[in-house]
Amino acid sequence: MRLRQTLVLLLLGAYTLFAAGPFVWVAMMSVRTTTEISRNHYAWPEQWHWHKFADAWFGSGYQVYFTNSTLVVCSAVALLTLVGAMAAYALARYRFRANRTIYFILFSTIIFPPQITVIALFQILVQYGLYNSLIGLTLVYVAIQLPLTIYLLETFFQRIPGELFDAARIDGYGELEVFWKIALPIALPALSTTVILNTILLWNEFLYAVVLITDESSRTLPLGIQRFMGDQQQDTGMIATGLMIAIVPVVLIYVFFSEKLIKGMTAGAMK
Amino acid sequence: MHEARALRTPWRAVTLFLLPALTLYVAFTAYPVVKTLWNSLHVVLPNRHEFVGLANFVELAKDDIFWRAVRNTLIWACTSPLFEVSIALVLALALYAKVPGARFFRIAWFTPVLMSYVVVGIIWAWIYNYDWGAVNVALRWLGLQDWARPWLGTPATALPALILVTSWMWAGFNMVVLLAALHSLPSEVIEAAELDNCGWWGKLVHVIVPLTKGTLLNLLVLSFIGKMKIFDLVWITTKGGPLWSTETVSTYVYKRAFEWSTFDLGYPSTIASVWFAIVIASVLLLSWLLRQREKLEF
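Residues numbered from 1 in each chain as written. Chains lettered and ligands numbered in written order. Predicted model: local features only at pLDDT ≥ 70, side-chain atom pairs only at ≥ 80, totals over all residues.

Q: I would appreciate a short explanation of the overall build of chain B in the present structure.
A: Looking only at helices and strands, one finds 14 helices and two strands in chain B. Over its C-alpha atoms chain B spans a radius of gyration of 24 Å, topping by over 25% the 19 Å that the globule rule assigns to 298 residues. Along the longest, intermediate and shortest principal axes, the C-alpha atoms of chain B span 75 × 75 × 30 Å. Residues classed as buried in chain B amount to 41% of the 298 residues present. (Helix = DSSP H or I, 4+ residues; strand = E, 2+ residues; numbered from the N terminus. Rg over C-alpha atoms; globule rule 2.2 N^0.38 Å. Buried ≥ 20, exposed ≤ 12 C-beta atoms within 10 Å, placed from the backbone.)

Structure below.
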């Protein structure tokens, strides 16, 4: 029995190495110089070159990419949460004829392959002068995450007993006040789940960004990394530093909100 | 309660709540979909367009690269879910059996899915590097020099190598979902199986798989949809090469629209429309076949 348990643990350890090893490897390379790396790709850092992060940040444009990503993701998520919560609340709480039709259309959109919109979005944004603009990208990001957000929040609002809202209305609250002062505060746990989920998904988004952004000054992090990778193919050390800059915010979110995040991602998955 | 709710619909409030979302949806999703379908019947050049009827579709039917891309994407979408979900099931069972350090394992296994495909793509391009990538280093260390090769640069191995990457990335995620499903099972059932002494394989096949069937099927469908869309990973690592061996429908659409200097957006829209129909049809078919749905709670 003890032998079997040791064997199982050994296998799980091996799988852990396989799953998390690449991340640890990149983290180590991010503080080593390319010369050190090319001597031995798998050595522990002899000297921790933290200045490489400053070099990438100021010298290789990562400051711009990071700022752009932060701007786009924060404004998209804020807008998405507000607009999504309003729509989800209306769909969950009021009965009207088109209700289920709207819900069904939004719900089916979740499985659409992105190609069906991306070419036309390129044309439309060019036409309205929103091509190569962070505002255009933000609006597109809101639109692509909207169906999933509404779906998740609608499920949550459905489960709040209607008496609660009716009581508030009898107390003289208007429809807007009921939403703002009762529904939103109650929905806070669900809202934070969608906020975390959307933040990560949009932080990592690549396809829409690569089609809708070409200006150096408007690049988001995934585009910046791709660009840097193309230009400095041989500079393994600096590429690794850039990768870490992109990963660290996500890892921080994971460290602080791992339960919420896992819940959000699985809930998003189970649609 | 229902009477009070159904009493009168406050139309002004409903409109106010729904309008922003619907406006965004119409402008950035519904309209683009319609426009793409319209494009598919036209030649669309930067400053003019021309109706060509079904000519694009006829051309598509004869386009060998497209069929190659369809084949690659389908291979990907049909194999990767099986790997991911079966690895995930084994891992979830290990954690369910309360091995020591379960919390640490769960967190470590989940990490790959947090990284973007761009990051993952670069890391794995390094891992598959011919000279110093971990795979070839390990093979040489084991004395299997002949097996070492540029994994992403060889047509025969490039696609399997990338499929492995997606399985690596998603196994931990599926594991977490399955673990939640296992924990929601009544423990008596599993204990009863334990008492019946039917061996771990029997327990797996006769008890655990049937009980978590809903979740398993859901995960398979979800993973299938994800792989039908795959773009970023391929674009970062191989751009569809070598010799179209990793070309997917998504990368081909992108190439035809923005890389090849044909400047025609009609033909790529045709590919997108056909693929759209195929994805919708196969998802409908799959969920009709599998039927069962389970909602995961917050």
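Q: Can you help me understand the nonpolar core in this one?
A: Among soluble globular proteins, nonpolar side chains are generally buried collectively. In terms of nonpolar packing, the biggest core is built from 157 residues, with Ala87(A), Tyr89(A), Val140(A), Leu212(A) and Leu243(A) touching the most fellow members. Residue contributions to this core peak at 18 residues, all from helix α8 (residues 155-183) of chain B. Discounting residues that sit within four places of it in the chain, Tyr89(A) has contacts with Phe157(A), Phe179(A), Ala183(A) and Phe17(B). (Core = buried A, V, L, I, M, F, W, Y, C linked by C-beta atoms within 7 Å. Contact = placed C-beta atoms within 7 Å.)

Q: I tried to follow the environment of Val176(B) on my own but got confused; where do I start?
A: On the secondary structure map, Val176(B) appears in helix α8. A sequence separation of 67 residues divides Val176(B) from Trp109(B), and the C-alpha atoms of the two residues are 9.0 Å apart.

Q: I tried to follow the interface of chain A and chain B on my own but got confused; where do I start?
A: Accessible area lost upon the coming together of the parts is a frequently used measure of interface size. In this assembly, 71 residues from chain A lie in contact with 71 residues from chain B. For the side of chain A that touches chain B, the element with the most residues is helix α13 (residues 236-270) of chain A, which contributes 14 residues. Considering only residue class, the side of chain A that touches chain B consists of 53 nonpolar, 13 polar and five charged. (Nonpolar A, V, L, I, M, F, W, Y, C, P; charged D, E, K, R; others polar.)

Q: For this particular structure, what's the right way to read the pairing of strand β2 (residues 48-51) of chain B?
A: Remark: a regular strand shows side chains that alternate across the two faces of the sheet. Residue and element names in this part refer to chain B. Across four bridges, strand β1 (residues 42-45) lies against β2 in antiparallel orientation. By the bridge assignment, Val43 is partnered in β2 with Glu50. Linking β1 back to β2 in an antiparallel pair, the connection comprises two residues. (Pairing = 2+ DSSP bridges.)

Q: Explain the environment of Asn129(B) to me, please; I cannot follow it from the model alone.
A: With respect to the element layout, Asn129(B) can be found in the loop between α6 (117-127) and α7 (134-141). Asn129(B) sits 106 residues away from Thr23(B) along the chain, and the two C-alpha atoms are 48 Å apart.

Q: Explain unusual backbone geometry here, please?
A: Of all residues except glycine, most have a negative phi; of all peptide bonds, most are trans. Of note, the bond from Gly241(B) into Pro242(B) is cis; its omega dihedral lies within 30 degrees of zero at -15 degrees. Of note, Pro242(B) is situated in the loop between α12 (232-237) and α13 (249-259).

Q: Would you explain the packing of helix α6 (residues 115-127) of chain A against helix α2 (residues 11-39) of chain B in this entry?
A: Helix packing geometry: the angle between the two helix axes and the distance between the axes. Contact pair α6(A) / α2(B): the axes reach a minimum separation of 8 Å and the direction vectors enclose 95 degrees. Classified by the interaxial angle, the pair formed by α6(A) and α2(B) is roughly perpendicular. Two secondary-structure elements touch here, α6(A) through Ile116(A), Thr117(A), Ile119(A), Ala120(A), Leu121(A), Gln123(A) and Ile124(A) and α2(B) through Phe28(B), Thr29(B), Pro32(B), Val33(B), Lys35(B), Thr36(B) and Asn39(B). Tallied by class, residues from the contact of α6(A) with α2(B) come to eight nonpolar, five polar and one charged. (Axes fitted to C-alpha atoms, helices over the stretch in contact; angles between N-to-C directions. Parallel < 35°, antiparallel > 145°, perpendicular 65-115°, else oblique.)

Q: Even after reading the chapter, I still don't get the confidence of the model for chain B, so can you show me in this structure?
A: All names here are of chain B. In the predicted model, chain B carries a mean pLDDT of 86, and 93% of its residues have values of at least 70. Counting interchain partners and residues more than four positions distant, the pLDDT-below-50 stretch residues 1-6 has seven contacts. Of the regions scoring below 50 in pLDDT, residues 292-298 engages in 20 contacts with residues more than four places distant in sequence or in other chains. For this predicted complex, the interface score ipTM comes out at 0.89, alongside a pTM of 0.89. (pLDDT = per-residue confidence, 0-100.)

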